[in-house]
Amino acid sequence: IGGDKEAARTLAMENALKKALLVAGASVNSVQQVVNGLITQDELSVRASGTVNSIEVISESYQGDTIEVTVRADIFAQEQQCFAADFKKSLLITRAHITEREQANVGQIYALDTALVESFAKKLNKDSRYLDVKLATKNKTLFSRYNKSFAVEQIKNLAIELGHRFDAQFIMFTEITDLSFGNDALNDWQFWQEDQFNRQLNTSFYIYSAINGELLAQKEYQNSAPWQFGKRDIVDIKSKSFWQSQYGQMISRVLDNAIIDMDESMMCERTRAKILRVAGNEVMINVGKQQGVKLGDEFSLLHLNTFKNDF
């Protein structure tokens, strides 16, 4: 993008290595440093359940505006850590909440509350091994208001109600807590030119059980990148120019790391299906082929003490 070969080369190597690790069953947090064209063991953050012995860059080729990289990696795959990993779990992703909305004024990026989770859902559907994603961004939820006032019971009830309404086992809430700018300019323009500054992205993800409303996982991510647009520009959050900018690419990397953390957190959570209908000896449940169910799988029948129903 913009003739930046080094950035493209770095991203190509990151992509190749992540694919190699994921195909082998290991997982990787981030590969952000490339030294003299080589990726070294010290610059990887690899899960302990997958072991990488060695990595070698085999070839790289340039054609037009595309760089293609081939890597060879000696990987010991991670073993399945729990039986629950056999099935995908249904996860409802709700619209994010920008806690300091005045910070979104530069660039008019208020739509980031929807665009961020939509991009996250698309990545999860593509890369997650344990989650079956549903998206609900039409309306805001009251999660942030409840979370700010530590209203635990209201959050529980909200998660249970959303799970019932959208037929999901887990609910994800997202807060974007910082979109501010750094104080130091990144360039030495002339006085009539506009300075460029780093812009923050702090975001927190919360996953709740829709069965009992309990908080299962919580993770915060902090990063920053140069804001390459003018301070008076109105930026289209859904445009290619935004997602290909340094700030948009930083958001994509944050989401990639969040997917790996979320997969690991949810991998061993048991899949619990609902009985939708009983007709004679035939029982219909709300999981199937899409979640990895195969002919011959057996299920246990459960009755929950906490079960509540309007009827």
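Residues numbered from 1 in each chain as written. Predicted model: local features only at pLDDT ≥ 70, side-chain atom pairs only at ≥ 80, totals over all residues. Heavy atoms only, no water.

### What to know about the overall build of the protein chain
If you tally the helices and strands in the protein chain, you get 6 helices and 11 strands. In the protein chain, which comprises 311 residues, the proportion classed as buried is 41%. Residue pairs in contact within the protein chain that sit at least 24 positions apart in sequence constitute 64% of those at least 6 positions apart. On the protein chain, roughly 18600 Å² of surface is accessible, and the fraction owed to carbon and sulfur atoms is 47%. (Helix = DSSP H or I, 4+ residues; strand = E, 2+ residues; numbered from the N terminus. Buried < 20%, exposed > 50% of the residue type's maximum accessible area, 1.4 Å probe, protein only. Contact = heavy atoms within 4.5 Å. Areas by Shrake-Rupley, 256 points an atom, 1.4 Å probe, with all protein chains shown as cover.)

### Observations regarding the nonpolar core
Phe120 and Ile251 are the most contacted members of the largest nonpolar core, which has 40 residues in total. Where this core is concerned, the elements lending two or more residues are β3 (89–94), α2 (112–127), β5 (131–136), β6 (170–178), β8 (197–209), β9 (215–226), α5 (240–243) and α6 (246–266). Residue contributions to this core peak at 9 residues, all from α6. Sequence-distant contacts of Ile251, that is, excluding residues within four places in its chain, are made with Leu112, Leu116, Leu201, Phe242 and Trp243. Of all hydrophobic cores here, the second largest spans 15 residues; its members include Leu92, Leu158, Ile171 and Ala210. (Core = buried A, V, L, I, M, F, W, Y, C linked by side-chain atoms within 4.5 Å.)

### Focus on the confidence of the model for the protein chain
In the predicted model, the protein chain carries a mean pLDDT of 82, and 81% of its residues have values of at least 70. Counted against residues more than four places away or in other chains, residues 29–37, with its pLDDT under 50, gives 25 contacts. Throughout residues 39–49 the model reports pLDDT below 50, and contacts reaching past four residues in sequence, or to other chains, amount to 31 contacts. (pLDDT = per-residue confidence, 0-100.)

### Topic: the side chain of Asp261
Relative to the assigned elements, Asp261 resides in helix α6. Here Asp261 falls in the buried class, since its relative accessible area comes to 14%. Engagement of the side chain of Asp261 in a polar contact is seen with the side chain of Tyr221, the distance being 2.6 Å. (Polar contact = N/O pair within 3.5 Å; in protein donor to acceptor, adjacent residues only side chain to side chain.)

### Description of the environment of Asp167
Position of Asp167 among the secondary structure elements: in the loop between α4 (152–166) and β6. For Asp167, a relative accessible area of 27% corresponds to the partly exposed category. With 76 residues separating them in the primary sequence, Asp167 and Leu91 have C-alpha atoms 9.2 Å apart. One polar contact links Asp167 to Asn286, side chain to side chain, over a distance of 2.5 Å.

### Let's talk about the pattern of salt bridges
Counting across every chain of the model gives 8 salt bridges. We note a salt bridge from Arg95 to Asp113, for which the minimum N-O separation is 3.3 Å. Taken together, the residues Arg95 in the loop between β3 and β4 (97–98) and Asp113 in helix α2 connect sequence positions 18 residues apart. A relative accessible area of 21% means that Arg95 is categorised as partly exposed. Under the relative-accessibility criterion, Asp113 is labelled buried at 4%. (Salt bridge = Lys/Arg side-chain N within 4 Å of Asp/Glu carboxyl O.)

### Considering the pairing of β9
Pairing of β8 with β9 involves 11 bridges; the strand directions are antiparallel. Counterpart to Tyr206 in the pairing with β9 is Gln218. Linking β8 back to β9 in an antiparallel pair, the connection comprises 5 residues, with Gly213 at a positive phi of about 80°. (Pairing = 2+ DSSP bridges.)

### Considerations on the pairing of β6
The side chains of a regular strand alternate between both faces of the sheet. Of all 9 residues in β6, 8 are buried; the element is thus mostly enclosed. Pairing analysis gives 3 bridges linking β3 to β6, with the strands arranged parallel. Pairing of Leu92 across the sheet is with Ile171, part of β6. Summarising the sheet, β4 and β6 pair through 2 bridges and their orientation is parallel. By the bridge assignment, Ile98 is partnered in β6 with Ile176. Inspection of the sheet shows β6 paired to β8 by 8 bridges, in the antiparallel sense. Within β8, the residue paired with Ile176 across the bridge is Thr203.

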